[in-house]
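What the coordinates show
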Amino acid sequence: LRDFRVKASDCDAPDAVLDLTPREPATYEKLVLVAQRASGEVRETRVHDLVGNVTRVVFDEMRTNLAPDPKIFVFEVPKGVRVVELSEPQPR
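Residues numbered from 1 in each chain as written. Predicted model: local features only at pLDDT ≥ 70, side-chain atom pairs only at ≥ 80, totals over all residues. Heavy atoms only, no water.

1. A few points about the pattern of salt bridges
How we decide: Note on definitions: salt bridges are taken to be side-chain nitrogens of Lys or Arg within 4 Å of carboxyl oxygens of Asp or Glu. Secondary structure elements are taken from DSSP: a helix is a run of H or I of four residues or more, a strand is a run of E of two residues or more, and numbering for both begins at the N terminus. Under the scheme applied here, a residue whose accessible area is under 20% of the maximum for its type counts as buried, over 50% as exposed, and between as partly exposed, the area being computed with a 1.4 Å probe on protein chains only.
Tallied over the full model, the rule gives five salt bridges. For Lys 30, the salt bridge identified is with Asp 19, shortest N-O distance 3.9 Å. One end of the pair, Lys 30, is in strand β3 (residues 28-36); the other, Asp 19, is in strand β2 (residues 15-22), and 11 residues separate them in sequence. On the basis of relative accessible area, Asp 19 is assigned to the buried category, the value being 13%. Ionic pairing is found between Arg 46 and Glu 44, a salt bridge with its closest N-O pair at 2.6 Å. By relative accessible area, which is 10% here, Glu 44 ends up buried. By sharing partners, the salt bridges in this structure join Glu 44, Arg 46 and Arg 56 into a single network.

Rendered as structure tokens:
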């Protein structure tokens, strides 16, 4: 709510559709988030850019909490790459 004006455009179906409009100037007009009402799982996202294009991502056949082997997620910083450590954002 700090960064977006949120409007529920459809909450009568099994999925809730939320329009998120940025409060500050951004490189897009709005984001749309479609979530399953019963579970809260995100089903779809849409980015509406400033020239009218829409990028739609649909999450299908999602599987969660499968406990993947930690060896799958090994990241080694390539030689010559500078790493910038980010801290948690502080509440305003």
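After that view of the structure, there is still more to cover.
2. Here we look at the pairing of β2
Residues in a regular strand point their side chains to alternate faces of the sheet. Here is the rule: By the convention used here, strands pair only if DSSP detects at least 2 bridges between them.
Looking at chain direction, strand β1 (residues 4-10) and β2 are connected through six bridges and run antiparallel. For Val 6, the partnering residue across the bridge sits in β2 and is Leu 20. Counted between consecutive antiparallel strands, the loop separating β1 from β2 contains four residues. For β2 and β3, the ladder comprises six bridges, and the chain directions are antiparallel. Residue pairing across strands places Asp 19 opposite Val 32, the latter belonging to β3. Between β2 and β3, which pair antiparallel and follow one another directly, the connecting turn spans five residues.

3. Some details on the environment of Glu 29
Threshold: For this analysis, residues touch if any pair of their heavy atoms sits within 4.5 Å.
Tracing the backbone shows Glu 29 in strand β3. Among the residues examined, Glu 29 registers a relative accessible area of 47% and is labelled partly exposed. Spatially, the C-alpha atoms of Glu 29 and Val 54 are 9.9 Å apart, while their sequence positions differ by 25 residues. Excluding its chain neighbours within four sequence positions, the residues that come into contact with Glu 29 are Thr 21, Pro 22, His 48, Asp 49 and Leu 50.

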